[in-house]
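# Per-entry structural report
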Amino acid sequence: KILPQPKGMSDWIVDTFDEPFADSSAWPLYHICRAAREHITVALTGDGGDEVFGGYDRYRALHLAQNLKPYQYLGLQIAGKVAAFVAPHKERHFIRRFVRFTQALPYPPAVQYFILRRLFGPEDLAKLLSPAFVERYGINLDEPAEWFCSLFEQGQSSSQAVNAQHCDMATYLPDDLLVKSDRASMAASLELRSPMLDHELIDIGLALPVASKLNDKHGKLILQKAFGDVLPQKLFMRQKQGFGVPLAGWLRNELREELRTAFTDTTFKKLGIFDKAAVASLATEHVAG
């Protein structure tokens, strides 16, 4: 009810973050903070809960992959190849996610996690970046993947799910979630506090046995056990849902002209960073469904 139309969203993000920032949930977070600021000046947020207590589906995916029997691995590979023919293009659709999971299985855990986390891989960067730009600055297109995987491999746990928690602590939280929360809330003059990121609580959460945090179906098990008799059961029965906006539809409708204008902008062309035809094709494919 409080989320306005997306007109002006991209300008607001650039003004607020001083850089391209691709987490679209900054927009609804800002408006929730604006609404809250009418009544309070400081609020608590749940940032860190998933990272500390194993809430993400991708942690369960790594846990499952690590404990597969040979016959289960073979069955998943066959099912994944079949599912790939019917999987919709929506990245968050459960069939598409299942296909991505099976495609990652043959790789080492660090690469598996990179495949589960990434939006663009080295092969995508090779298409999207201008060859002249890559050559001029000697850019190593494999470097982002190598950097990410090296961080993952620094994990000391025998559990790959825990190593993924450590990796997110070093990447996803400081580079995305906390930047988003800090800038969006302060733009609304609301201060946020993150009790889940108390350093002692983080140490406890990361040290907990994996079985107390997640199983094949659910994450954050210990929080459910701790607060199950305090909070309504329907909260625990709900399917996990990201804090997103209908960006795909907006780019095909309300933001379609803004999208087109961005790729014909002379400043964008003069930068010479991207292959203009490849980026335009990416946008055209999305608008076409």
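The preceding data block contains the structure.
Residues numbered from 1 in each chain as written. Predicted model: local features only at pLDDT ≥ 70, side-chain atom pairs only at ≥ 80, totals over all residues. Heavy atoms only, no water.

Turning to the packing of aromatic side chains, a few remarks are in order. Any two aromatic rings considered together are summarised by their centre-to-centre distance and by the angle between their planes. One pass over the structure, following the stated rule, counts 12 aromatic pairs. Ring geometry for W12 and W27: centres 5.6 Å apart, planes at 65 degrees, overall edge-to-face. Highlighted residues: W12 in helix 1 (residues 9-17) and W27 in helix 2 (residues 26-37), separated in sequence by 15 residues. Each member of the pair W12 and W27 is classed as buried. When the ring of F268 is compared with that of F274, the centres are 6.0 Å apart and the planes differ by 20 degrees; the resulting orientation is stacked. A residue is classified by how much of its surface remains accessible, and F268, at 18% relative accessible area, is buried. Residue classification places F274 among the partly exposed residues on the basis of a relative accessible area of 37%. Three or more aromatic residues joined by ring pairs make a cluster, and in this case those are W12, F17, F21, W27 and Y30. The ring centre of Y56 lies 4.0 Å from the NZ or CZ of R58, which sits over that ring. The ring of Y172 is capped by R117, whose NZ or CZ atom sits 4.8 Å from the centre of that ring. (Phe/Tyr/Trp six-rings, centres within 6.5 Å; stacked < 30°, edge-to-face > 60°. Helix = DSSP H or I, 4+ residues; strand = E, 2+ residues; numbered from the N terminus. Buried < 20%, exposed > 50% of the residue type's maximum accessible area, 1.4 Å probe, protein only. Lys NZ or Arg CZ within 6 Å of the ring centre and 35° of its normal.)

Here L223 shows up in helix 14 (residues 221-227). Once the C-alpha coordinates of L223 and F53 are considered, the two residues, 170 residues apart in sequence, prove to be 7.7 Å apart.

Inspection of every chain in the model, using the stated rule, returns 0 disulfides. Between C167, a cysteine without a disulfide, and C149, which holds the nearest cysteine sulfur, the sulfur-to-sulfur distance is 8.2 Å. (Disulfide = S-S within 2.5 Å.)

Further remarks concern the packing of helix 1 against helix 2. Two numbers describe how helix 1 lies on helix 2: the axes approach to 10 Å, and their chain directions differ by 80 degrees. Considered as vectors, helix 1 and helix 2 are oriented roughly perpendicular to each other. Residues M9, W12 and F17 of helix 1 form the contact with helix 2, whose own contacting residues are A26, W27 and Y30. When the residues that make up the contact of helix 1 with helix 2 are grouped by side-chain class, the tally is 6 nonpolar, no polar and no charged. (Axes fitted to C-alpha atoms, helices over the stretch in contact; angles between N-to-C directions. Parallel < 35°, antiparallel > 145°, perpendicular 65-115°, else oblique. Contact = heavy atoms within 4.5 Å. Nonpolar A, V, L, I, M, F, W, Y, C, P; charged D, E, K, R; others polar.)

What follows deals with a negative patch on the surface. A surface patch of negative charge is lined by D11, D15, D18, E19 and E258. Positionally, D18 belongs in the loop between helix 1 and helix 2. (Patch = residues over 30% accessible without salt bridge, like charges linked within 9 Å, V, L, I, M, F, W, Y side chains within 5 Å. Areas by Shrake-Rupley, 256 points an atom, 1.4 Å probe, with all protein chains shown as cover. Salt bridge = Lys/Arg side-chain N within 4 Å of Asp/Glu carboxyl O. Lys, Arg positive; Asp, Glu negative; His and termini not counted. Charge placed at Lys NZ, Arg CZ, Asp CG, Glu CD.)

Right, let's talk about helix 5 (residues 70-83) for a bit. Under the 1.5 Å per step criterion, the end-to-end length of helix 5 is 20 Å for 14 residues, consistent within 8% with the ideal 20 Å. Tucked inside the fold, the buried residues of helix 5 contact helix 6 (94-104). (Expected span 1.5 Å × (residues − 1).)

Enumeration over the complete set of coordinates arrives at 1 cavity of 30 Å³ or more. A61, L62, A65, F101, A104, L105, Q112 and L116 are the residues that line the largest cavity. Those elements that place two or more of their residues in the lining of the largest cavity are helix 4 (57-66), helix 6 and helix 7 (109-117). A per-element tally of the lining of the largest cavity places helix 4 first, with 3 residues. Counted by class, the lining of the largest cavity contains 7 nonpolar, 1 polar and no charged residues. (1 Å grid on protein atoms, 1.4 Å probe; cavity = no way out; pocket = protein on both sides within 12 Å on 5 of 7 lines; lining within 4 Å. Points joined across faces, edges and corners; volume = space filled by probe spheres on them.)

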